[in-house]
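One-letter residues, chain by chain:
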Amino acid sequence: MGVRQRMSTVRSGLPGPLSLAAALTTPTRADLIEDPLIARVRAIRTALGLAATAWLLLTYPLREGRADYLFGQLLNLLIGCGVLLVCGTVGITVFCLGARRPLGRMYARRVGGPLRALAALPLGAGLVWLMTAVLRGDAVSTSMIGAHDFFGGFFGTTAGTLISGLIMAAAFLAGGLVCLCVLVSAACFTLVAAVRGLNSCFRTADVHELLPAVLSPLLVWSLFVVQLVDGPDVVAPPVVFVPFLLGGPLSVTALAVWEVRRLRTRYGVTLRSAWGR
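Throughout, a residue's number is its position along its own chain's written sequence, starting from 1. Whole-chain, interface and lining totals are the exception, using all residues; otherwise, since this is a predicted model, local features are given only for residues with pLDDT of at least 70 and side-chain atom pairs are given and counted only at 80 or more. Side-chain measures were taken over the full set of non-hydrogen atoms in the model, leaving aside hydrogen atoms and water.

A. Up close: the packing of aromatic side chains. Whether two aromatic rings pair depends on their centres lying within 6.5 Å, for rings of Phe, Tyr and Trp, where Trp uses its six-membered ring; planes under 30 degrees apart make the pair stacked, over 60 edge-to-face, and the rest tilted. According to the stated counting rule, one finds five aromatic pairs in the structure shown. Ring geometry for Trp-55 versus Tyr-60: centroids 6.1 Å apart, planes at 85°, classification edge-to-face. Classification of Trp-55 as partly exposed rests on a relative accessible area of 47%. Taken together, a centroid distance of 5.1 Å and an interplanar angle of 45° make the contact between Phe-95 and Tyr-107 tilted. In this pair, Phe-95 sits in helix H4 (residues 66-98) while Tyr-107 sits in helix H5 (residues 103-108), placing the two residues twelve residues apart along the sequence. According to the relative accessible area criterion, Phe-95 is buried, its value standing at 5%. Each residue in the set Phe-95, Tyr-107 and Trp-275 is aromatic and connected to the rest through ring pairs, giving one cluster. When a residue's accessible area, from a 1.4 Å probe over protein chains only, is under 20% of the maximum for its type it is buried; when over 50% it is exposed; and in between it is partly exposed. Put simply, DSSP H or I for four residues or longer makes a helix, DSSP E for two residues or longer makes a strand, and each gets a number counted from the N terminus.

Structure below.
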């Protein structure tokens, strides 16, 4: 069973938001070169990165609250995606312009997949922020003066106040449950989209197999700079935090170099062949 068939099987068994996130961030080009070893090494590196992050969070206290930490990580991811969008646009444009006809136009027609994968994160993060604001009462007013006046005209002031209060409580309870369900779904969607998007470099392999290896170091080093400027999220000594901070960019860069070499030696995929030269 190929990688695409296995991924289709996994996605079909996932809940709705997770399946949607996986579908938006998984390359689907029919003639995509699928190397099982590259896929396994990427998955292992991602799992090790998540495990290291979990260990750091469980070992050392957070500099800020948990909610602030989560929103800070979402913001960092969005910043990294913005950097990747700008630099990726330049890189893909150069890649398309450097290819001979009709390859350049063919590559340009394939950018829809990466754009959808990049759009998944702002969509999920925006829903998380909106639902959190609604549940906190920052986006919805609890005033029911209009309802109070409406029912008061029929049942009197006391009865109108009681009925409007019951309706308000029922409406806010139902709305709160709906918002909570949307929040959980959006959080799961965003988490899966972030992990799988970073793992696949946001489906840039749909354009060409070389692009994930070329663009992924750019993404992780941009996130490294953002984290370095923002400061540590945990109260950890520099001897622990600095190697942790450097581990991601260095490992992704080394993996990218290995991927380029493996694509060249095993499949004959080079920049010259990609450009038809």
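B. Structural detail: unusual backbone geometry. A cis amide bond links Arg-101 to the next residue, Pro-102, at an omega of 0°. Even without a glycine there, the phi angle at Cys-201 is positive, about 50°. Among the secondary structure elements, Cys-201 is positioned in the loop between helix H7 (145-200) and helix H8 (210-230). Judged by relative accessible area, Cys-201 falls into the buried class, the value being 2%. Despite not being glycine, Phe-202 shows a phi value in the positive range, around 55°. By secondary structure assignment, the location of Phe-202 is in the loop between H7 and H8. Residue classification places Phe-202 among the buried positions, given a relative accessible area of 1%.

C. Seen up close, the pattern of salt bridges. Salt bridges are identified by distance alone: a Lys or Arg side-chain nitrogen within 4 Å of an Asp or Glu carboxyl oxygen. By the definition in use, this model includes seven salt bridges. Notably, a salt bridge pairs Arg-29 with Asp-31, separated by 2.8 Å at the nearest N-O pair. Residue class for Asp-31 comes out partly exposed when judged on its relative accessible area of 48%. A salt bridge links Asp-35 to Arg-262; the nearest nitrogen and oxygen atoms lie 2.7 Å apart. Of this pair, Asp-35 sits in the loop between helix H2 (16-25) and helix H3 (36-59) while Arg-262 is found in helix H9 (residues 238-267), placing the two residues 227 residues apart along the sequence. With a relative accessible area of 17%, Arg-262 lands in the buried category. Counted as one network, the salt bridges with shared partners bring together Arg-29, Asp-31, Arg-110 and Glu-209.

D. Molecular detail of the environment of Ala-256. Residue position: Ala-256 is located in helix H9. Residue classification places Ala-256 among the buried residues on the basis of a relative accessible area of 5%. Spatially, the C-alpha atoms of Ala-256 and Ala-213 are 4.4 Å apart, while their sequence positions differ by 43 residues. Residue contacts are defined here by distance: any two heavy atoms, one from each residue, within 4.5 Å place the two residues in contact. Discounting chain neighbours no more than four positions away, the residues touching Ala-256 are Ala-213, Ser-216 and Pro-217.

E. Structural view of the environment of Ala-43. By the element assignment, Ala-43 lies in helix H3. In sequence terms Ala-43 and Ser-200 are 157 residues apart; their C-alpha atoms lie 9.7 Å from each other.

Note that all results are geometric; they support no functional claim without further evidence.
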